[in-house]
Amino acid sequence: MAFALLNGQIINRSEAKVDIEDRGYQFGDGVYEVIRVYNGKMFTVNEHLQRFVKSADSIGITLPYTTKEIAEMLEELLKKNNLKLGNIYMQITRGTAPRNHLFPPANVPPTLVAYTIKADRPVEKLEKGVKTILTEDIRWLRCDIKSLNLLGNLLAKQKATEAGCYEAIQHRGQDVTEGSSSNIYIVKNGVVITHESDHLILKGITKDVILGLCGKNNIPVEERTFSVDELRDADEVFLSSTTSEVMPVIEINGTKVASGAPGSVTRKLQTFFEQEIERQCRILE
Ligand code: PDD
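Computed from a predicted structure; not experimentally measured.

Colleague: An account of the overall build of the protein is requested, with residue identities and associated values reported.
Modeller: Looking only at helices and strands, the protein has eight helices and 16 strands in total. Computed over C-alpha atoms, the radius of gyration of the protein comes to 19 Å, within 12% of the 19 Å expected from 2.2 N^0.38 for 285 residues, which places it in the range of a compact globule. With respect to the three principal axes, the spread of C-alpha positions in the protein is 55 × 40 × 35 Å. Counting the 285 residues in the protein, one finds 52% classified as buried. Partitioning the contacts of the protein with sequence separation of at least 6, the portion at a separation of at least 24 is 72%. Element-wise, carbon and sulfur atoms account for 52% of the exposed surface of the protein, whose accessible area totals about 13,800 Å². Charge centroids of the protein, computed over 35 positive and 38 negative side chains, lie 3 Å from each other.

This is the structure:
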């Protein structure tokens with residue numbers, strides 16, 4: 001039997017229901033996190049929980065629990081579901097109230113939900129790399145908030161999938177921002193270049209791990225905006241996310257990236273990233 005966390009209680013997943021007037025359902029009025037689980041252990045859990053609090057804070061939702069309490073509840077959920085390899089999905093909304101654009105009164109409690117999903121590592125894609133398309137970034141200007149409102153991201157991902165690709169690389173005019181559900185990097189002359197963590201992208205937890213690994217291993221990094229031309233002219237391109245790890249990009253809009261094979265800096269970062277998983281979660285399955 002599968003279990004879910006609903007407002008502090010672990011219950012049968014099939015009984016975990018929210019109201020049709022939940023503001024997450026009606027307005028996308030909430031924020032979320034996806035946490036990777038390796039060997040039954042949460043990877044970078046503190047970083048995810050801190051970002052969860054920050055996202056909630058920035059839209060005026062106060063978490064009814066401390067991050068320590070949430071971590072404990074998630075641990076219990078993992079144990080109950082006996083999840084070894086997969087993801088935790090967690091979201092908080094502004095709660096249930098009669099539909100109105102205005103925030104409900106402060107005494108309306110938020111709705112917190114979490115559940116687990118079994119998921120293997122995308123081993124074959126990590127080995128071979130993935131294809132991408134370019135698409136204009138039509139999202140709002142607070143992409144740093146991990147909001148439930150993902151319409152722009154969904155439209156971009158759907159377009160990529162319909163083109164037979166794994167991801168859509170978004171750009172605002174000439175400036176590359178991020179993927180529909182990932183951060184984007186280019187490598188040029190040995191330097192890793194990725195968009196600065198401002199309001200136009202999500203500050204990826206995987207991105208932070210990768211930049212930390214670059215620092216430790218003397219791989220130069222520039223966190224700055226880069227152009228579509230620089231992307232097309234890159235020696236290597238890769239993307240990152242909780243579920244995609246360090247994923248080589250081998251094609252953009254039908255054109256190969258350099259020789260069309262994953263690059264050497266990308267390969268090194270994949271190795272360092274796996275070592276980091278082993279360090280934090282002990283065994284890589
Ligand atoms: N997406 N940018 C966007 C728009 C994202 O949705 C994500 C993650 C990232 C990478 O963030 P992180 O490294 O913290 O996973 C960047 C998650 C996995 C999702 O929505 O499923």
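Still more ground to cover, so stick around.
Colleague: So what about the site of the ligand? Which residues, and what values?
Modeller: If you check the shell around the ligand, you find 19 residues, and the closest are Tyr 32, Glu 178, Ile 205, Thr 206 and Thr 242. One of the side-chain N or O atoms of Arg 51 is found 2.9 Å from an oxygen atom in the ligand. The separation between a nitrogen atom of the ligand and a polar side-chain atom of Glu 178 is 2.7 Å. Taken by itself the ligand offers 470 Å² of open surface, and the protein chains cover 90% of this. When atoms are counted within 2 Å of each cavity's grid points, the one that captures over half of the ligand is the largest pocket. Looking at the shell around the ligand, the elements that each hand over two or more residues are strand 3 (30-38), strand 9 (175-179), helix 6 (205-216) and strand 14 (236-241). Among the residues making up the shell around the ligand, the classes are represented as four nonpolar, eleven polar and four charged. Each of domain 1 (3-118) and domain 2 (123-281) accounts for three or more of the residues forming the shell around the ligand.

Colleague: Got a sec to walk through the pairing of strand 8 (residues 167-172)? Specific residues and values, please.
Modeller: With five of six residues buried, strand 8 lies mostly within the body of the structure. Pairing analysis gives five bridges linking strand 7 (residues 130-136) to strand 8, with the strands arranged parallel. Across the sheet, the residue bridging to Thr 135 is Gln 170, located in strand 8. Here strand 8 runs beside strand 9; their pairing, made up of three bridges, is antiparallel. Of the residues in strand 9, the one forming a bridge with His 171 is Val 176. In sequence, strand 8 turns back onto strand 9 through a hairpin of two residues, with Gly 173 there showing a positive phi of about 60°.

Colleague: I'd like a description of the packing of aromatic side chains, backed by residues and values.
Modeller: A complete count under the given rule lists five aromatic pairs for this structure. Look at Tyr 38 and Phe 43: their rings are 5.7 Å apart centre to centre, the planes differ by 85°, and that puts the pair in the edge-to-face class. Taking 5.6 Å as the distance between ring centres and 45° as the angle between the ring planes, the aromatic pair formed by Tyr 89 and Tyr 115 counts as tilted. Taken together, the positions of Tyr 89 in strand 5 (residues 86-93) and Tyr 115 in strand 6 (residues 111-118) put the pair 26 residues apart, joining distant regions of the chain. Among the residues examined, Tyr 115 registers a relative accessible area of 25% and is labelled partly exposed. Taken together, the ring pairs in this structure connect Tyr 32, Tyr 89 and Tyr 115 into an aromatic cluster. Between Lys 80 and the ring centre of Phe 3, over which it is positioned, the NZ or CZ distance is 4.4 Å.

Colleague: Describe the packing of helix 6 against helix 8 (residues 264-281), with residues and values.
Modeller: Packing of helix 6 against helix 8 brings their axes to within 10 Å, and their N-to-C directions diverge by 110°. Judged by the inter-axis angle, helix 6 sits roughly perpendicular to helix 8. Facing Thr 206, Val 209, Ile 210, Leu 213, Cys 214 and Lys 216 of helix 6, the residues of helix 8 in contact are Leu 269, Phe 272, Phe 273 and Glu 276. Taken together, the residues of the contact of helix 6 with helix 8 sort by class into seven nonpolar, one polar and two charged.

How each quantity is defined
- Residues numbered from 1 in each chain as written.
- Predicted model: local features only at pLDDT ≥ 70, side-chain atom pairs only at ≥ 80, totals over all residues.
- Heavy atoms only, no water.
- Helix = DSSP H or I, 4+ residues; strand = E, 2+ residues; numbered from the N terminus.
- Rg over C-alpha atoms; globule rule 2.2 N^0.38 Å.
- Buried < 20%, exposed > 50% of the residue type's maximum accessible area, 1.4 Å probe, protein only.
- Contact = heavy atoms within 4.5 Å.
- Areas by Shrake-Rupley, 256 points an atom, 1.4 Å probe, with all protein chains shown as cover.
- Lys, Arg positive; Asp, Glu negative; His and termini not counted.
- Charge placed at Lys NZ, Arg CZ, Asp CG, Glu CD.
- Near = heavy atom within 4 Å.
- Polar contact = N/O pair within 3.5 Å; in protein donor to acceptor, adjacent residues only side chain to side chain.
- 1 Å grid on protein atoms, 1.4 Å probe; cavity = no way out; pocket = protein on both sides within 12 Å on 5 of 7 lines; lining within 4 Å.
- Sits in = over half its atoms within 2 Å of the grid points.
- Nonpolar A, V, L, I, M, F, W, Y, C, P; charged D, E, K, R; others polar.
- Domains from an automatic or database assignment.
- Pairing = 2+ DSSP bridges.
- Phe/Tyr/Trp six-rings, centres within 6.5 Å; stacked < 30°, edge-to-face > 60°.
- Lys NZ or Arg CZ within 6 Å of the ring centre and 35° of its normal.
- Axes fitted to C-alpha atoms, helices over the stretch in contact; angles between N-to-C directions.
- Parallel < 35°, antiparallel > 145°, perpendicular 65-115°, else oblique.

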